[in-house]
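Examination of the molecular architecture
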Amino acid sequence: MERILVIDDDVELCGLVSEYLRPEGFEVDCVHDGTRGLESALNGNHTLVVLDVMLPGLNGFDVLRKLRNSSRTPVLLLTARGEAVDRIVGLEIGADDYLPKPFNPRELVARIRAILRRTGGGDEALGEVLRVGDVELDPATRNVRHAGKPVDLTSVEFNLLHVLLREAGRVVTREKLVDAVLSRKFSPFDRSIDMHVSKVRRKLGDADTGSDHIKTVRGVGYIFARPRESEGAAARSSSK
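Residues numbered from 1 in each chain as written. Predicted model: local features only at pLDDT ≥ 70, side-chain atom pairs only at ≥ 80, totals over all residues. Heavy atoms only, no water.

Of the regular secondary structure elements, the chain holds nine helices and 12 strands. In the chain, buried positions account for 49% of the 240 residues. Partitioning the intrachain contacts of the chain with sequence separation of at least 6 by distance along the chain shows that 56% fall at a separation of at least 24. Entry remark: accessible area of the chain is about 12,200 Å², with carbon and sulfur atoms responsible for 51%. (Helix = DSSP H or I, 4+ residues; strand = E, 2+ residues; numbered from the N terminus. Buried < 20%, exposed > 50% of the residue type's maximum accessible area, 1.4 Å probe, protein only. Contact = heavy atoms within 4.5 Å. Areas by Shrake-Rupley, 256 points an atom, 1.4 Å probe, with all protein chains shown as cover.)

Here you go:
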């Protein structure tokens, strides 16, 4: 049984979430302040954390930053409806997804299940190691290396890079990325996939514009660029 940690100071909401999640097959622990929530999240006993932004003590962003220093436990961030800044900041510092309050409990369950599918491995673990240029991704161990050095990615970032590497040299539409990586329907007003792409670019050492690895195809999506033969030939000639 999957064990979910809910960190929210709204005791009534926590009770309602627990009542809804338990019949769905989840064990639920609730903590009502950021400091104790972080301690619980760091103990490694939970499959996923549902984290509210507005918390007494450490706020949700501080909890997420400290958690990401040492843990990849998936995090679903609860934000105030209409607060785009909260969603952007949350994704920037490592949230796997977000859900605006107030929310339908069925959508909460759907988001949790989608995140767990993305992070659970499944058939993906049987895939071969992907190498494109100086980037290497191993689906079995969920490790990524850039120029031989390990790259620390969240589960969403890993899955995003996996999709792009599988389609290296071909354009992947934003619709396809949202469906494959976030497990939801595409909305032109939802920029979360772009935020995740931006984070992967930075972690691969790329600038947000004119990147070497992931290029933007305006109005369509993204492409992971294969090294050009001319560049390889130039490199070989310069080494002689």
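What follows deals with the sheet that holds strand 7 (residues 135-138). Across the sheet, four strands lie side by side as 6-7-8-9; this open sheet has antiparallel pairing. At either end of the open sheet lies a strand with only one pairing partner, and these are strand 6 (130-132) and strand 9 (149-151). Between one strand and the next, the sheet's axes are offset by a mean angle of 25°, whatever the strand orientation. As defined by bridge partners, strand 6 adjoins strand 7 across three bridges and the pair is classed as antiparallel. Paired with L130 across the two strands is L137, which belongs to strand 7. Sheet strands in contact with helix 6 (residues 155-166) are strand 6, strand 7 and strand 8 (143-146), and its direction is about 115° off that of strand 7. (Pairing = 2+ DSSP bridges. Axes fitted to C-alpha atoms, helices over the stretch in contact; angles between N-to-C directions.)

Another aspect to go through is the pattern of salt bridges. Should their charged atoms come close, side chains of opposite charge can pair. Within this structure, the stated rule accounts for 18 salt bridges. Among the salt bridges present, the one from D62 reaches R65, with a minimum N-O distance of 3.3 Å. Remark: R65 and D62 occur in helix 3 (residues 60-68); sequence separation between them is three residues, near one turn of the helix. For D62, a relative accessible area of 27% gives the class partly exposed. The exposure class of R65 is partly exposed, given its relative accessible area of 39%. With a closest N to O distance of 3.0 Å, D152 and R72 form a salt bridge. Note that D152 is positioned in the loop between strand 9 and helix 6 and R72 in the loop between helix 3 and strand 4 (75-80), a separation of 80 residues in sequence. D152 sits in the partly exposed class, given a relative accessible area of 44%. (Salt bridge = Lys/Arg side-chain N within 4 Å of Asp/Glu carboxyl O.)

Turning our eyes to something else, we now look at the layout of surface pockets. Considering only enclosed or pocket space, the second largest pocket measures out at about 160 Å³ in volume. Considering the residues around the second largest pocket, the lining is formed by R174, E175, F186, R191, D194, T216, V217, R218, G219, V220, G221 and Y222. For the lining of the second largest pocket, the elements supplying multiple residues, two or more each, are helix 7 (174-182), strand 11 (214-217) and strand 12 (221-224). Split by residue class, the lining of the second largest pocket holds four nonpolar, three polar and five charged. (1 Å grid on protein atoms, 1.4 Å probe; cavity = no way out; pocket = protein on both sides within 12 Å on 5 of 7 lines; lining within 4 Å. Points joined across faces, edges and corners; volume = space filled by probe spheres on them. Nonpolar A, V, L, I, M, F, W, Y, C, P; charged D, E, K, R; others polar.)

These results come straight from atomic positions and should not be treated as a statement about function.
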